[in-house]
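Topology and contacts: notes
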Amino acid sequence: MALEAASSAASEYVIRQPLITPRVRRWIVSALLAAVCCIWIYPLVWMVSASFKTNAAIFASEGLIPSQPVFDNYLRAWNEANIGAYFFNTLFVTVGSVLLVTIATAMMGYVLGRRKFLGRGFIFGLLVFTMFVPQGYTIIPVFELLSMLGLGQSLWGVMLATTGGSFVIFVLLFAGYFSQMPDELEEAAKMDGVGFVRTFWYVMLPLSKPIIVTVIVMQTLYAWNDFLLPLVVTLANPAIRTLSVGVYAFKGENFVDWGGMTAASTITIVPVVVLFLFLQRYFIDGLAGAVKG
Amino acid sequence: MPGLSLKGVTKAYGATKVIHGVDIEIDKGEFCVFVGPSGCGKSTLLRMIAGLEEISGGDVFINDHRVNEVDPSHRGVAMVFQTYALYPHMSVEQNMGFGLRMNGRPKAEVAKRVEDAAKILQIEELLDRKPRQLSGGQRQRVAIGRAIVRDPQVFLFDEPLSNLDAELRVATRLEIAKLHRQLGGATMIYVTHDQVEAMTLATKIVVLRKGIVEQVGAPMEPYSNPANLFVAGFIGSPKMNLIDVTPGAGGALQFKDGRSLTTSGDAHNVATVGVRADQLRSAPVESAALTGEVSVVERLGDAEFVYVRTGWGQEIVVRFEGGTDTPVGSTVGFDLSGRTHFFDAGGVAIKGLAVASS
């Protein structure tokens, strides 16, 4: 009996209509994601909105669109609070550290990824170990190192210290990428009479473009936004502050200039947003490439 | 005059020896093919000549100069890799001229040599393309072009056709043969596991097994006079039939089913008889030297390969003319007519012995 039922069910195969069509499902998913997105970007929108309000208006809870938009905050931030100068400090630190980090990590990654030498595993282990040491613990020794180098009070010192942030991750990214390149490429270059350094520069480096872009973007974000390290290094010399530290200065002992702070913050994030808009395709390719290899 | 000679060359990775003392002389202008099953050390040997692998023992001479410690780019050799190894981010032109440019040759000279090589290989219209825009065959040409541009004394090919499809492989094989003629005095060394490639291209064949040279000779030499059982079984398609025999009195050799064969000489140390598919002739079952039941028939058009299962369960292959249509399951008999090969218990060929005509 049961067997009969089973066989008849098999022969009369029923096509079940879905409750919701794929199209409707897409709409629902999109709506949900849009809601999450709104929550996600609310703080950012609030910040931009507050930068166009007076301190009083910010606390008047009048909604996101300012009733009487003011631009004073931006002028005050740029001129009085030195954000203009800080902007160029940050630019210097960022560009310098990105250049240093990209070249140094690519070279380290190349050697670690492609050359077999004694102690290679040990170096890898040491590098990975440093990733587990929180930044806060190393700030004092880093500061001391800079002082000993005579860079404790200079923008060069800030730049040099900033290169350390994600150095290890980038080295590992490059090492992973280079280790998967076919040996024949290097051998072909060897047969062509091209030396080790020039093989790196003319053959391997151009092929690692996805990783280079990833490193540039990630290091830019890190250097631009880093707070703790520049705070410590620039403590004694306000003239070499970076933006993130400069924004913090709007918080006085008794009074917080919210309008000025949000305006300065908005100025701070504009370059990063622009950079991402231009490079997002490469950035995503690079990350995908780093995972896929 | 030897273009290249290997003298007692060995290679070891730690304690594992992979090349056991190889001696080969290759004359200028020769097309020498290293052939052997995978893992026989043929590619390692080639890479040692190229300078990509260190030489553990023995000497390599190119044009009478010892090159053991010479940098790959100064040996006067150029290599074509199995995977082509083109630089993906450079155009064809840049790929071909890269080595010359890096070594400081004047631009005009680089351009001229690239152009000349492109003309030989008929890839002039591809010069601006990137490798990914090329087909497998075109990439192969570019890789060869990169070698030609360097104007080497010795070309090294490492299984250059194995990444191409069957049809293209035959076409490219022909082109490489033509190229050898066109380039006049260039010595070429070519590594392959495909014995057809070896026999069609070579002016000298080196058969390798497990790091040992089994036989060196003219292209037909290993086919018509295999030095041992390995070469006999490896060269030729279909494989040579190798049948175990027991020597009897008066030059007789007995098969496992009791049937026998008479030879014209002293056959007391023969352990194996080798006969190719085209050297067996149909004979009446009662008097035939070999009999068996047809198990499979492969029809190739101009020929038919008939697989016959003998009384002792060995499958031997026989070539018939196309259209013979031998029925599967029928019992057939053969005589060993034509060339038959004899090997002793150690697998070494015995010379000067033939099947006595009855």
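From a predicted model like this one, the values you see are computed outputs, not experimental measurements.

**Here's the deal with the overall build of chain B**
Broken down by element type, chain B carries eight helices and 22 strands. On the principal axes, the C-alpha backbone points of chain B span a range of 80 × 45 × 35 Å. Looking at chain B as a whole, 40% of its 358 residues qualify as buried. Put simply, of all contacts in chain B between residues at least 6 apart along the chain, 63% involve residues at least 24 apart.

**Things to note about the overall build of chain A**
Each helix and strand in chain A was counted, giving 15 helices and zero strands. What you see for chain A is a C-alpha radius of gyration of 27 Å, clearly larger than the 19 Å of a compact globule of 293 residues, by over 25%. Structurally, chain A occupies a C-alpha span of about 90 × 70 × 35 Å along its principal axes. Here chain A, with 293 residues, has 32% of them falling under the buried criterion.

**Overview of the sheet that holds strand β7 (residues 154-158) of chain B**
Residues and elements named next belong to chain B. Pairing is mixed in the open sheet, where six strands are placed in the order β6-β7-β8-β3-β9-β10. Single-partner strands in this sheet number two, and they are β6 (77-80) and β10 (212-217). Across the sheet, the mean angle from the axis of one strand to that of its neighbour is 20°, orientation sign disregarded. Relative to strand β8 (residues 187-192), β7 runs parallel, the two being bridged by five bridges. Bridging from a neighbouring strand, L156 pairs with I189 of β8.

**Considering the domain arrangement of chain B**
Many descriptions give the size of an interface as the accessible area lost when the pieces come together. We note that the domain assignment places domain 1 (2-226) and domain 2 (241-350) within chain B. On a C-alpha basis, the centroid separation for the pair domain 1 of chain B and domain 2 of chain B is 39 Å.

**Comments concerning the UniProt feature "transmembrane region" (unreviewed entry) in chain A**
Residue and element names in this part refer to chain A. With numbering aligned to this structure, UniProt lists the feature "transmembrane region" (unreviewed entry) at residues 27-45, 83-110, 122-143, 155-178, 199-221, 227-250 and 262-284. End C-alpha atoms of residues 155-178 are separated by 33 Å, and the span's content is 83% helix alongside 0% strand. Summarising residues 199-221: 96% helix, 0% strand, and an end-to-end C-alpha distance of 30 Å.

**Details of helix α8 (residues 155-162) of chain A**
All names here are of chain A. The buried fraction of α8 is high, at seven of eight residues. When α8 is considered as a whole, its buried residues turn out to be L155, G157, V158, M159, L160, A161 and T162. Residues of α8 that are buried make contact with α5 (83-114), α7 (135-148), α12 (209-225) and α13 (228-233).

**Looking at the interface of chain B and chain A**
At the junction of the two partners, chain B supplies 16 residues and chain A supplies 14 residues. Among the elements that take part in the side of chain B that touches chain A, helix α2 (residues 92-102) of chain B stands out by supplying three residues, more than any other. When its residues are assigned to classes, the side of chain B that touches chain A shows 11 nonpolar, five polar and no charged.

**A short note on α7 of chain A**
Along an α-helix, residues three or four positions apart point the same way, because every turn accommodates 3.6 residues. Residues and elements named next belong to chain A. End to end, α7 covers 20 Å across 14 residues, agreeing with the expected 20 Å (1.5 Å per residue, within 8%). Within α7, the axis deviates most sharply at P141, by approximately 25°. Within α7, only one of the 14 residues are buried, leaving the element largely exposed. Phi turns positive one or two residues past the end of α7, at G150, with a value near 80°.

**Quick word on the UniProt feature "domain: ABC transporter" (unreviewed entry) in chain B**
Here the UniProt-annotated "domain: ABC transporter" (unreviewed entry) positions come out as residues 4-235 of chain B. A helix fraction of 36% and a strand fraction of 27% characterise residues 4-235 of chain B, whose end C-alpha atoms lie 25 Å from each other.

**A look at the sheet that holds strand β4 (residues 57-62) of chain B**
Residue and element names in this part refer to chain B. Reading across from one edge, β2-β1-β4-β5 is the order of the four strands in this open sheet, with antiparallel pairing throughout. Looking along the sheet, the strands with just one partner apiece sit at the ends: β2 (16-27) and β5 (65-66). Strand direction decides the pairing type here: strand β1 (residues 2-13) and β2, joined by nine bridges, are antiparallel. Within β2, the residue paired with V9 across the bridge is V22.

**A word on the nonpolar core**
If you look at the biggest cluster of nonpolar residues, it comprises 137 residues, and the most contacted ones within it are F174 of chain A together with V33, I49, L156 and I189 of chain B. Filtering out sequence-adjacent residues up to four positions away, I49 of chain B remains in contact with L4, V60, V77, L156 and I189 of chain B. With 13 residues, the next largest nonpolar core counts A50, A81, I83 and A264 of chain A among its residues.

**What about the environment of F174 of chain A?**
Residues and elements named next belong to chain A. Among the structural elements, F174 can be located in helix α9 (residues 167-179). Since 28 C-beta atoms lie within 10 Å of it, F174 is described here as buried. Linking F174 and A81, residues 93 residues apart in sequence, is a C-alpha distance of 40 Å.

**Comments concerning the pairing of strand β3 (residues 31-35) of chain B**
Residues and elements named next belong to chain B. Within β3, five of the five residues are buried, which leaves it mostly tucked inside the rest of the structure. Side chains F31, V33 and V35 project from β3 onto one buried face, and the interleaved C32 and F34 project onto a second face that is buried too. Looking at chain direction, β3 and β8 are connected through five bridges and run parallel. Within β8, the position partnered with F34 by the bridge is V191.

**Side note on unusual backbone geometry**
Residue and element names in this part refer to chain B. Looking along the chain, the bond that leaves S237 and enters P238 is cis, with omega of 0°. By secondary structure assignment, the location of P238 is in the loop between α8 (229-234) and β11 (241-244). The phi dihedral of A85 is positive, around 55°, even though this residue is not glycine. Within the secondary structure, A85 is located in the loop between β6 and α2. Located in the positive-phi region is D151, a residue other than glycine, with phi close to 50°. With respect to the secondary-structure elements, D151 resides in the loop between α4 (136-149) and β7. You can call D151 partly exposed: it has 14 C-beta atoms within 10 Å.

**What to know about the confidence of the model for chain B**
Averaged over all residues, the pLDDT of chain B is 89; the fraction at 70 or higher stands at 99%. In the predicted assembly, ipTM is 0.82 and pTM is 0.79.

**A short note on the packing of α9 of chain A against α12 of chain A**
Residues and elements named next belong to chain A. Following both chains from N to C, one finds α9 and α12 inclined at 170°, their axes separated by 10 Å at the closest point. Considered as vectors, α9 and α12 are oriented roughly antiparallel to each other. Contacts between α9 and α12 involve F170, L173, F174 and Y177 from the first element and I211, T214 and V215 from the second. Grouping the constituent residues of the contact of α9 with α12 by class yields six nonpolar, one polar and no charged.

**So, the confidence of the model for chain A**
Here chain A shows a mean pLDDT of 86. Residues at 70 or above account for 93%. Across chain A, the element-wise mean pLDDT spans from 53 in helix α1 (residues 2-11) of chain A up to 93 in helix α2 (residues 22-50) of chain A.

**Quick notes on the pairing of β8 of chain B**
Residues and elements named next belong to chain B. Among the six residues that make up β8, six are buried, leaving the element largely enclosed by the rest of the structure. Alternating positions in β8 separate into two faces, T187, I189 and V191 on one and M188, Y190 and T192 on the other, with burial throughout. Where the polypeptide runs from β7 across helix α5 (residues 166-182) and back to β8, its parallel neighbour, the crossover connection is right-handed.

About the thresholds
For every chain, the first residue of the written sequence is number 1, and numbering continues from 1 along that sequence. Think of it this way: whatever chain is written first is A, whatever ligand is written first is 1, and the rest follow in order. Local features are withheld for residues below a pLDDT of 70 in this predicted model, meaning they are given only at 70 or higher, and side-chain atom pairs are given and counted only at 80 or more; totals for whole chains, interfaces and linings count all residues. Helix and strand assignments come from DSSP, with helices taken as H or I runs of at least 4 residues and strands as E runs of at least 2, each series counted from the N terminus. To sort residues by exposure, count the other C-beta atoms lying within 10 Å of each residue's C-beta; 20 or more gives buried, 12 or fewer gives exposed, and values between give partly exposed, all with C-beta atoms placed from the backbone. Remark: residues whose backbone-derived C-beta atoms lie within 7 Å of one another are considered to be in contact. What the globule rule says is 2.2 Å times the number of residues to the power 0.38, and the radius of gyration is computed from C-alpha atoms. Following DSSP output, two strands are said to pair if at least two bridges run between them. Each axis is a line fitted through C-alpha atoms, and for a helix only the stretch in contact is used; angles between axes span 0 to 180 degrees, taken between their N-to-C directions. Domain ranges listed in this record stem from an automatic or a database domain assignment. UniProt positions are given in the numbering used here, feature names are shortened, and annotations may be inferred rather than shown by experiment. Just so you know the grouping, Ala, Val, Leu, Ile, Met, Phe, Trp, Tyr, Cys and Pro go in nonpolar, Asp, Glu, Lys and Arg go in charged, and all remaining residues, Gly too, go in polar. Given a helix with a known number of residues, its expected span is that number minus one, times 1.5 Å. Note on bend: the value at a residue is the angle between axes fitted to the seven residues ending there and to the seven starting there. To define a nonpolar core, we join buried Ala, Val, Leu, Ile, Met, Phe, Trp, Tyr and Cys residues through C-beta atoms within 7 Å and take the resulting set. The predictor rates its confidence in each residue with pLDDT, a number between 0 and 100. In what follows, roughly perpendicular refers to angles from 65 to 115 degrees, roughly parallel to angles under 35, roughly antiparallel to angles over 145, and oblique to any angle outside these ranges. The definition of a right-handed crossover adopted here requires that, viewed with the strands pointing away, the path from the first strand over the helix to the second runs clockwise.

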